[in-house]
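Spelled out, the chains give:
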Amino acid sequence: MRITVLSGGVGGARFTRGLLALLRDRLPDGSGGTTAQVTVVANTGDDLWLHGVRVCPDLDTLMYTLGGVVHEEQGWGRRDESRRVSDDLAAYGLGWEWFTLGDLDLATHLARTELLLSGIPLSTVTARLAERWKPGVTLLPMTDSEVETSVETVDGRTMHFEEWWVLHRASIPARAFHQADVAVAEPAPGVLDALADADVVMVPPSNPVVSVGTILGVPGIRDALRATPAPVVGVSPVIGGAPVRGMADACLTAIGVETAADAVARHYGRRADGGVLDAWLVDDTDAAVVEPLRSEGWRVESAPTLMTDVPATAAIAARALSLVDRAP
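All values derive from a computational prediction rather than experimental measurement. (Residues numbered from 1 in each chain as written. Predicted model: local features only at pLDDT ≥ 70, side-chain atom pairs only at ≥ 80, totals over all residues. Heavy atoms only, no water.)

*Asks:* Describe the packing of helix α4 (residues 103–117) against helix α5 (residues 122–133), with residues and values.
*Replies:* To characterise two packed helices, one gives the angle between the axes of the helices and the distance between these axes. Where α4 meets α5, the axes come as close as 10 Å, and the angle between the chain directions of the two elements is 140°. Put simply, α4 runs oblique to α5. Here the hand of the crossing between α4 and α5 comes out right-handed. Two secondary-structure elements touch here, α4 through T108, A111, R112, L115 and L116 and α5 through L122, V125, R128 and L129. Broken down by class, the residue content of the contact of α4 with α5 amounts to six nonpolar, one polar and two charged. (Axes fitted to C-alpha atoms, helices over the stretch in contact; angles between N-to-C directions. Helix = DSSP H or I, 4+ residues; strand = E, 2+ residues; numbered from the N terminus. Parallel < 35°, antiparallel > 145°, perpendicular 65-115°, else oblique. Left-handed = near helix turned anticlockwise from the far one by under 90°. Contact = heavy atoms within 4.5 Å. Nonpolar A, V, L, I, M, F, W, Y, C, P; charged D, E, K, R; others polar.)

What follows is the structure in structure tokens.
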């Protein structure tokens, strides 16, 4: 069984961890793993250069979460982390006090930067870094190109997405999001094959605008998703009119989409109508949208979708797969 996941950071990482738990239970390989092959295509639109090193927030969150070393309370970064380097940089009047790099995390960024500066593409670098953590998936960046996201705010400012997201907590209304050079980017090696050869493609509860939306903005990926013979199933990132995590509502508002489970489904669109999804799983809280979406031709069900722990998340993944008759 081959599954391809289009993922942002924390939400996508936690969903994939639950998916792997499900697969290890139902399709075991006898050595603690699974016979299923999971490929995760990660958003790299949040990436940035900071202190001279290349930071890839979503790739690292996936790698740390699936590798078992993530800071669980934060959902990102390494557990048992320290901040001595960031604190010392601040003493020199350098750095961003709102975006501190932990010492252990910094080692990852330094390793990535050294490899990138030697001419190795990000996809190969990512595979090299993942060798250490053994995440149980093939982890791919959406592209080897730099497509950093900037935010144009309603008060006329332009800033890096991380500044808007972390420093301002998305409190300044956004007018638009721009990914530098995304129009000339190419999918990283393996991305299009992972979509074409999948038995099922899954869109976890990641930010539909700046995570999954950015992945789909890389030329060729949206077309490959529409063309794949595999069914494509998504899990709503919205429960009861609020994002499961983060400030996705601020992103949805900026592009004129209501923060509602059915509105996000329509934003993605059905493949039969030129969109990218075949099926959609919503939370029981939003069960009222099921019949209206079904009347529009959607395969849709409601279930508990709050990822409270790994077993609960495994159950969510199982329910999503059953929607497209791919239950392992």
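*Asks:* So, the sheet that holds strand β8 (residues 174–179): which residues are in play, and what are the values?
*Replies:* Pairing is antiparallel in the open sheet, where three strands are placed in the order β7-β6-β8. Since the sheet does not close on itself, it has two edges, and those belong to β7 (158–160) and β8, each with one partner. Neighbour-to-neighbour, the strand axes of this sheet turn through a mean angle of 25°, independent of strand direction. With three bridges connecting them, strand β6 (residues 149–153) and β7 associate as antiparallel partners. Among the inter-strand pairings, E152 is bridged to a residue of β7, identified as T158. (Pairing = 2+ DSSP bridges.)

*Asks:* Quick one: what's the story with the side chain of S7, residue by residue and with numbers?
*Replies:* On the secondary structure map, S7 appears in strand β1 (residues 2–7). Not counting residues within four places of it along the chain, the set of residues in contact with S7 comprises G12, A13, V40, V41, A42, N43, L62, P204, S206 and I215.

*Asks:* Give a detailed account of α4, specifying residues and quantitative values.
*Replies:* Since the α-helix packs 3.6 residues into each turn, any two residues three or four apart lie on the same face. The end-to-end C-alpha separation of α4 is 21 Å, in line with the 21 Å expected for 15 residues at 1.5 Å each. Within the sequence span of α4, burial applies to D103, D105, L106, T108, H109, R112, T113 and L115. Summarising the contacts, the buried residues of α4 are in contact with β3 (48–50), β4 (53–55), α2 (57–66), α3 (84–91) and α5. Of the residues trailing α4, G119 is marked for its positive phi of about 100°. (Expected span 1.5 Å × (residues − 1). Buried < 20%, exposed > 50% of the residue type's maximum accessible area, 1.4 Å probe, protein only.)

*Asks:* Provide a residue-level description of the pairing of strand β14 (residues 299–303), including the pertinent values.
*Replies:* As paired strands, strand β13 (residues 279–283) and β14 are joined by five bridges and run parallel to one another. Along β14, the bridge assignment pairs A279 with R299. Taken together, β13, helix α12 (residues 290–295) and β14 form a β-α-β motif whose crossover is right-handed. (Right-handed = clockwise from strand over helix to strand, strands pointing away.)

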